[in-house]
Amino acid sequence: MAEAPLIEIRDLTFGYRREAVVEHVDLAIGGRDFLALVGPNGGGKTTLLKLMLGFFPPWRGEVVRRLSRRRGAMGYVPQFSSFDRDFPMRVESLVLMGRLGASGLFRPYQRDDRRRAAQALAKLRLTELARLPIGELSGGEVQRVLIARALAGDPEILLLDEPTSSVDPGSREVLAAVLSELNARIPVVVVTHDYSSLARQVTRVAFVNRTLSETAPGRPLSFHRHPGEEPPAELAEHAEHAAPALGRPGEVAYAPPGRPSGEGER
């Protein structure tokens, strides 16, 4: 008997100021999925991620979460640009925040909290930076710290918004390796404009532009393109994969570069 998905989205519609941003979205995320959400700016990728997290109530439809109710069960890494690097805090203190509430609300950090935070720092190769103020780190290092904070909470699923933006090549390699290791035991969902840097880790690709279309890496993806609209950058950079789609007006087929044929299919 197949396991029920950890997150299931059913006929979801939501927007701002009476204008729908995502509509009629159906999506199920299983226990070992590595899902990339791609699409144009303003297409609804980040909004969809926040709906999964429960930040907004849907206008229509529902999000079913089959996760424990403890704090940290849903690990979330926001966009780097939304983080204030001038905030006066050391690296280790920020990562420890991922353990808030793990031992009970308003209780001080326990020995186990500090152990898990240290493990998360080591996994992201940040141990030597633990005592530094956040403001002294590079963009790639800050991004790794934010991921370490999410990992310290021992998440059952990890959701990341543009994790490779403003990240140097070295940090990108560390990030890809860590996410691949995590995906051996939990699902990973990534909003990204830089699909190619995680192509070998991704097992599913969903194109979000108000509605959602999905494919497995390396297989054709058909999505609606409005008249005069250019393909999003993450698709255009792989234009050799583009082809007319089934003769339907306004449709484009795209086969994203992924793992070798058959690898990672589930």
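Just so it is clear, the model here is predicted, and its values are computed rather than measured.

Conventions we followed
Residues numbered from 1 in each chain as written. Predicted model: local features only at pLDDT ≥ 70, side-chain atom pairs only at ≥ 80, totals over all residues. Heavy atoms only, no water. Core = buried A, V, L, I, M, F, W, Y, C linked by side-chain atoms within 4.5 Å. Buried < 20%, exposed > 50% of the residue type's maximum accessible area, 1.4 Å probe, protein only. Helix = DSSP H or I, 4+ residues; strand = E, 2+ residues; numbered from the N terminus. Contact = heavy atoms within 4.5 Å. 1 Å grid on protein atoms, 1.4 Å probe; cavity = no way out; pocket = protein on both sides within 12 Å on 5 of 7 lines; lining within 4 Å. Points joined across faces, edges and corners; volume = space filled by probe spheres on them. Nonpolar A, V, L, I, M, F, W, Y, C, P; charged D, E, K, R; others polar. Pairing = 2+ DSSP bridges. Axes fitted to C-alpha atoms, helices over the stretch in contact; angles between N-to-C directions.

## Regarding the nonpolar core
Item 1. Grouped together as the largest cluster of nonpolar side chains are 45 residues, with contacts concentrated most on Val95, Leu158 and Leu179.
Item 2. Residue assignment for this core shows that the elements contributing at least two residues are β3 (34-38), α2 (91-96), α3 (111-123), α4 (139-152), β6 (157-161), α5 (169-182), β7 (188-191) and β8 (204-209).
Item 3. At eight residues, α4 tops the list of elements feeding residues into this core.
Item 4. Setting aside anything within four residues of it in sequence, one finds Leu179 in contact with Phe34, Leu158, Leu160, Val188 and Leu198.
Item 5. Phe14, Val21, Leu35 and Leu53 belong to the second-largest nonpolar core, a separate cluster that totals 26 residues.

## Notes on the layout of surface pockets
Item 1. Volume-wise, the largest pocket comes out at about 400 Å³.
Item 2. If you go around the largest pocket, you meet 14 residues; those closest to its centre are Arg71, Gly72, Met74, Gly75 and Tyr76.
Item 3. Counting residues per element, the ones that place at least two in the lining of the largest pocket are β5 (74-77) and α4.
Item 4. The dominant element in the lining of the largest pocket, judged by the number of residues it contributes, is β5, at three residues.
Item 5. Taken as a whole, the second largest pocket encloses approximately 210 Å³ of empty space.
Item 6. As for the second largest pocket, its lining consists of 17 residues, and the residues nearest its centre are Asn41, Lys45, Gln79, Glu162 and His193.
Item 7. Residue composition of the lining of the second largest pocket, by class: three nonpolar, ten polar and four charged.

## Comments concerning the environment of Ala36
Item 1. Mapped onto the elements, Ala36 comes out in strand β3.
Item 2. Between the alpha carbons of Ala36 and Val205 there is a distance of 4.9 Å; along the sequence they are 169 residues apart.
Item 3. Residues contacting Ala36, with those up to four places away along its chain left out, are Val190, Thr192, Tyr195, Val202, Arg204, Val205 and Ala206.

## What about the sheet that holds strand β2 (residues 19-29)?
Item 1. One open sheet holds the three strands; their spatial order is β2-β1-β4, and the pairing between them is antiparallel. Every interior strand has two partners, whereas the edge strands, β2 and β4 (60-65), have only one. With strand direction ignored, the average angle separating the axes of adjacent strands in the sheet is 25°.
Item 2. Of the pairings in the sheet, the one linking strand β1 (residues 7-16) to β4 comprises five bridges and is antiparallel in character. Counted as the bridge partner of Ile9 is Val63 from β4.
Item 3. Across the face of the sheet, helix α1 (residues 45-53) comes into contact with β1, β2 and β4 while running at roughly 125° to β1.

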